Amino acid sequence: MESILSYSKEVQNAINEDKTIVALESTIIAHGFPYPDNIELALKLEEQAREVGVVPATIAIIDGKLKVGLTKEEIEFIGQSDDIKKASLRDLPVILAKKLNGATTVAATMQISYLAGIDVFVTGGIGGVHRKAEETFDISADLKALSQYPVTVVCAGAKSVLDLPKTKEVLESKGVPVLGYQTNKLPAFYVRDSGLEVDYMVENAEEVSSIIKSNRLLENKNGILVTVPISKEDELNEKEFNKIIDELTQEVEQKEVKGKNITPYLLDRIKEKTDGRSVDTNVSLVKNNLRVGCNIAKKLKGNY
Ligand code: PSU
Ligand code: MN
């Protein structure tokens, strides 16, 4: 069958030479960060991976093609154009058929990583169960993807704009282990500790790699979530941040922001309310996640 994937030269070579590859998402570029910080970050992340001998595969959809690995021009296009759809699971078949452009969420990036045979995917934060989900039913397809694609997602947890206890419950129902990287507390993105426990603490990349191997031997379909706390120097003040979140939760309701627009809206408003500090914090945590993700991918390949 014809492959629907379109690999960059760099990623194609990496596959041919059996090099270690790590996937990166593109919603963070198109909708998660302001221009031009977004492009700078995307390029820096790729460079960071290469420096430790890992080939970055940033994933997006351009003209209906599922791109595994982007050129610099393609990253600039995704970061600059305002004609890029936020692409989650339900969007992929339509964006492909209509030959549109899409920035892939965690869910869609997991699906494409799985199709491309990439085992480890690094991002900032995952989507989850939104507050008041009992009324709105707003639960990110990221959780569905985690339940059905055996890809390891390295993140800084999920933001406390979500309902974290409910998010954890859904992950448990779906059979997704939530691992804490050198911590037994679930990180909450901008802050190190959400007050919740992770399922298991892991000490190092080697331990994660053996858990991934066990997951394979069990023939599990689900992915694994590795949560890495942001560094102590860079975390935001928890009290201040929680106050912002409470305010924004009300604001989203009042302004009737809905569905896929909620996450970009919140990110924008958090940036304003923290005088831009949330952006630096976000950069710091993604880089930290990438450092851990590259180590896990290398261990898994036996290339370390
Ligand atoms: N969290 C962030 N930044 C982001 C996202 C989440 O801090 O950019 C993006 C991710 O791509 C995630 C998506 O997969 O939002 C979740 O959106 P939704 O809740 O609409 O599924
Ligand atoms: Mn949603």
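Look up a bit, the structure's there.
Starting from 1, residues in each chain are numbered consecutively following that chain's sequence as written. Labels follow written order: the first chain is A, the first ligand is 1, and so on. Totals for whole chains, interfaces and linings use every residue, but because this is a predicted model, local features are given only for residues with pLDDT of at least 70 and side-chain atom pairs only at 80 or more, for both listing and counting. Excluded from the side-chain calculations are hydrogens and water; all other atoms, namely the structure's heavy atoms, are used.

Visitor: Could you give an account of unusual backbone geometry, with specific residues and numbers?
Guide: Between tyrosine 35 and the following residue, proline 36, the backbone shows a cis peptide bond with an omega angle of 0°. Only DSSP runs of H or I covering at least 4 residues are called helices, and only runs of E covering at least 2 are called strands; the numbering of each starts at the N terminus. Examined against the element boundaries, proline 36 turns out to sit in the loop between α2 (27–32) and α3 (37–51). Within the chain, phenylalanine 137 stands out as a residue other than glycine whose phi angle is a positive 65°. Think of it in three bands: residues with accessible area under 20% of the maximum for their type are buried, residues over 50% are exposed, and the middle band is partly exposed, with areas taken using a 1.4 Å probe on protein chains only. The exposure class of phenylalanine 137 is exposed, given its relative accessible area of 69%. We note that glutamine 182 has phi near 60°; this positive angle belongs to a residue other than glycine. Topologically, glutamine 182 is positioned in the loop between β9 (178–181) and β10 (200–202).

Visitor: Can you break down the environment of threonine 71 residue by residue, with the values?
Guide: Topologically, threonine 71 is positioned in the loop between β4 (65–68) and α4 (72–80). For the pair threonine 71 and leucine 115, spaced 44 residues apart in the sequence, the C-alpha separation amounts to 20 Å.

Visitor: Before we move on, can you summarise a negative patch on the surface with the specific residues and values?
Guide: Surface patches are drawn from residues lacking salt bridges whose relative accessible area is over 30%; two like charges belong together within 9 Å, two nonpolar side chains (Val, Leu, Ile, Met, Phe, Trp, Tyr) within 5 Å. A 1.4 Å probe and the Shrake-Rupley method give the accessible areas. Residues count as covered only by the protein chains that appear here. A carboxyl oxygen of Asp or Glu within 4 Å of a side-chain nitrogen of Lys or Arg is what we treat as a salt bridge. Charge counting treats Lys and Arg as positive and Asp and Glu as negative, with His and both chain ends excluded. Just so you know, the charge point we use is NZ for Lys, CZ for Arg, CG for Asp and CD for Glu. Residues Asp37, Glu233, Asp234 and Asp280 make up a contiguous surface patch of negative charge. Position of aspartate 234 relative to the elements: it lies in the loop between β11 (224–227) and α11 (238–254).

Visitor: Mind laying out the site of ligand 1, listing which residues take part and the relevant values?
Guide: Whether a residue is near a molecule or strand depends on its heavy atoms: it is near if one of them lies within 4 Å of it. Inspection of the region around ligand 1 gives 15 residues, with Lys86, Val106, Ser140, Asp142 and Lys159 positioned closest. Identification of polar contacts relies on pairs of N or O atoms within 3.5 Å, with a donor-acceptor requirement for protein atoms, meaning one able to donate a hydrogen and the other able to accept it, and with residues adjacent in sequence counted only if both atoms are side-chain atoms. A distance of 2.7 Å separates an oxygen atom of ligand 1 from a polar side-chain atom of serine 140. For ligand 1, the protein covers 92% of the area, taking 470 Å² as the surface of the free molecule. Put simply, the parts of the chain that give the shell around ligand 1 at least two residues each are α2 and α12 (262–273). For the shell around ligand 1, the class distribution of residues is three nonpolar, seven polar and five charged. All residues other than Ala, Val, Leu, Ile, Met, Phe, Trp, Tyr, Cys, Pro, Asp, Glu, Lys and Arg, Gly among them, are scored as polar; the first ten of these are nonpolar and the last four charged.

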